[in-house]
Amino acid sequence: LLLAMRQNMPDIESLIQGSQKLTTIFGYWPSFHDAEVIDLHFWRGDVDAEKKRFFFPVLTVKLHVWELTNEVAESGHLVLRHHTLTTLCFHDVDEFSMEGFNHQNAVFEILIEQQERADGPSPFFSVEFKPAFGIRASFRCFRVEIVDAVPCTKDGDLFVDP
């Protein structure tokens, strides 16, 4: 039954606002394997029922992501291409948990799954940053957005015109 449900589910990138900013660069939705979390920013939101303002917590994550190829460079290392600095924005975040944040924060992958629940607002996204070295995080949110995706150096720095 689970396999049948997954076959009928849309690809996750079709549910993410601005996903084409990444799929245009990579040609597919990346797994974020070995991507590095550069920056995390939380905003608590702004909820004021009297003024009809309902902005719930927002998490913005900046990542250095690239594509690992099967090509081998003269140095003997696999060639990395499409170095990209991307910003993901997760809206209406709850049940946030994080551990292991450090100086590198390489992730094995980022899992984003749309889920339904019997009680409370649905659907929602379940998000998990699986650690390779450093950050491990999990949370739920109601909307995922790719804010930008721009070329960067192999070190995750933006290119600067001379």
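For the structure, see preceding data.
Note that the structure is a prediction, hence the values are computed from the model and not measured.

Caption draft 1: Up close: the nonpolar core. With 28 residues, the main nonpolar core has F90, I112, V127 and F129 as its most contacted residues. No other element matches the four residues that strand β4 (residues 58–72) contributes to this core. In this structure I112 touches I12, I16, W29, F125, S126, V127 and V144, once residues within four positions along its chain are discounted.

Caption draft 2: Main features of the pairing of strand β5 (residues 78–91). As paired elements, β4 and β5 share eleven bridges and run antiparallel to each other. The residue of β5 that forms the bridge with L59 is F90. Hairpin connection, β4 to β5: the antiparallel pair is bridged by five residues, and G76 has positive phi, about 95°. Where β5 and strand β10 (residues 143–151) come together, eight bridges link them in antiparallel fashion. Within β10, the residue paired with L85 across the bridge is V150.

Caption draft 3: Focus on the pattern of salt bridges. Evaluation of the coordinates by the stated rule reveals nine salt bridges. A salt bridge links R140 to D94; its shortest N-O distance comes to 3.0 Å. A residue pair is termed long-range when its members are at least 10 positions apart, and R140 in strand β9 (residues 136–141) and D94 in strand β6 (residues 94–99) qualify at 46 residues. Between E95 and R140 there is a salt bridge, with its nearest N and O atoms 3.1 Å apart. Taken together, the residues E95 in strand β6 and R140 in strand β9 connect sequence positions 45 residues apart. Given the relative accessible area of 55%, E95 is considered exposed. Because the salt bridges share partners, they merge into one network encompassing D46, D48 and R53.

Conventions adopted
- Residues numbered from 1 in each chain as written.
- Predicted model: local features only at pLDDT ≥ 70, side-chain atom pairs only at ≥ 80, totals over all residues.
- Heavy atoms only, no water.
- Core = buried A, V, L, I, M, F, W, Y, C linked by side-chain atoms within 4.5 Å.
- Buried < 20%, exposed > 50% of the residue type's maximum accessible area, 1.4 Å probe, protein only.
- Helix = DSSP H or I, 4+ residues; strand = E, 2+ residues; numbered from the N terminus.
- Contact = heavy atoms within 4.5 Å.
- Pairing = 2+ DSSP bridges.
- Salt bridge = Lys/Arg side-chain N within 4 Å of Asp/Glu carboxyl O.

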